[in-house]
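Chain residues, written in single-letter form:
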Amino acid sequence: MIRTRGLTKDFVVGRTRTVHAVRGIDLDVGAGELVAVLGPNGAGKTTTMRMLTTLVRPTAGTATVAGADVLADPAAVRRRIGYVGQGNGAGRSQHVVDELVLHGRVHGLSARTARRRADELLDALDLTDLAHRKVQSLSGGQRRRADVALGLVHGPRLLFLDEPSTGLDPQTRAHLWEHVGRLRAEQDVTIVLTTHYLDEADSFAERVVVVDHGRVIADDTADALKRDLAGDRLALAVARTADAAALAQVVGRAAGAREVEVEGPRVTARVADAASAAAQVVRAAVAAGVDVTEVRTQRPTLDDVFLALTGRSLRETATTTEDRADDSAGKDAA
Ligand SMILES: Nc1ncnc2c1ncn2[C@@H]1O[C@H](COP(=O)(O)OP(=O)(O)OP(=O)(O)O)[C@@H](O)[C@H]1O
């Protein structure tokens, strides 16, 4: 469905400043996949999506989307994809169903087909009861679902969603994801979306592509990323603080042990599999006469993955777009 090689975008700002928004992305997405592109503000997620949807012309590299080249045949790409951008969507004073039919007609569907397609999507996205409401009267979550319906009205096999759940409360986000998942199963749509929300990429996407500073720094299932890059966390405490160093030695022998740290009576570490390491460590500690009073295991999050990859926490990465532009300008000027 998507194949990019060395996809690059530089924005020239003013006379001398260049922002290297996307720095050579290679991406392959197969039919039927649900891929979340994750990264901090200014990482290049939206610019990548805008190149793939032909809204922005790449500076270098190649991209084939839904069987057409974004540079050689952008019109074919546009016909074959759906795109729901940040904060775009339906005309506010239109009724939901009318807006859907209108979009279908704009895409060349007959009146009858556009109406049938609108009804199908209203049903799939749980909007049938709202079909005759004005778009402006919908709640944020309902609006986002209407936006998704608009992106799908011409029957594309590939849908791009740029931050579909930003600004929605957790329950509404979960609801939207449920619908996206169902749509995918029922309508056989490949979905590529961007998100800031680590937890939702973790729970719902089958594949997570982590982007930072315009590059792909990881690309795998959330589970594989967590297992390979972050590891489980194991935390133990001993009855006598003097035993903590001995316990740390035992922990250090567990499979995949790293970042073994001692703080007072507490010992923490990353290990390959916390559950089996915990049992093994406790057995070895008992054999060594060390009294372990507390054992806790914790699965890593995608934030741990980002931290392992970059040394920064995605949650705390507050790089603004302006900062990024200034950074880049500084480098170019030098
Ligand atoms: N039209 C533009 N002109 C100049 N710089 C731009 C333009 N569009 C994006 N940029 C810059 O390119 C970089 C990447 O921006 P982009 O919007 O792709 O990031 P993002 O990962 O989608 O961020 P966010 O999560 O905040 O939406 C940023 O430094 C941004 O300031």
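The shown structure was predicted, so the numbers you read here are calculated from the model rather than taken from an experiment. (Residues numbered from 1 in each chain as written. Predicted model: local features only at pLDDT ≥ 70, side-chain atom pairs only at ≥ 80, totals over all residues.)

When you go through the chain residue by residue, the secondary structure sums to twelve helices and 14 strands. Expressed as lengths along the three principal axes of its C-alpha atoms, the size of the chain is roughly 80 × 55 × 35 Å. Looking at the chain residue by residue over its 334 residues, the buried ones come to 40%. Contacts in the chain between residues far apart in sequence, at least 24 positions, make up 67% of those at least 6 positions apart. (Helix = DSSP H or I, 4+ residues; strand = E, 2+ residues; numbered from the N terminus. Buried ≥ 20, exposed ≤ 12 C-beta atoms within 10 Å, placed from the backbone. Contact = placed C-beta atoms within 7 Å.)

What follows deals with the confidence of the model for the chain. Overall, the prediction assigns the chain a mean pLDDT of 87, with 93% of residues at 70 or greater. Scored below 50 in pLDDT, residues 318–334 shows 20 contacts in the model against residues more than four places distant or in partner chains. The ipTM for the predicted assembly is 0.97, set against a pTM of 0.82. (pLDDT = per-residue confidence, 0-100.)

Within an α-helix, residues lying three or four positions from one another point in the same direction, as the helix has 3.6 residues per turn. Here helix H5 (residues 140–152) spans 19 Å end to end across 13 residues, near enough to the 18 Å set by a 1.5 Å rise per residue. For H5, the tally of buried residues reaches eleven of 13 residues, placing the bulk of the element in the interior. Taken together, the buried positions of H5 are Gln142, Arg143, Arg144, Arg145, Ala146, Asp147, Val148, Ala149, Leu150, Gly151 and Leu152. On its buried face, H5 sits against strand E6 (81–84), helix H3 (96–106), helix H4 (111–124), strand E7 (158–162) and helix H6 (170–187). (Expected span 1.5 Å × (residues − 1).)

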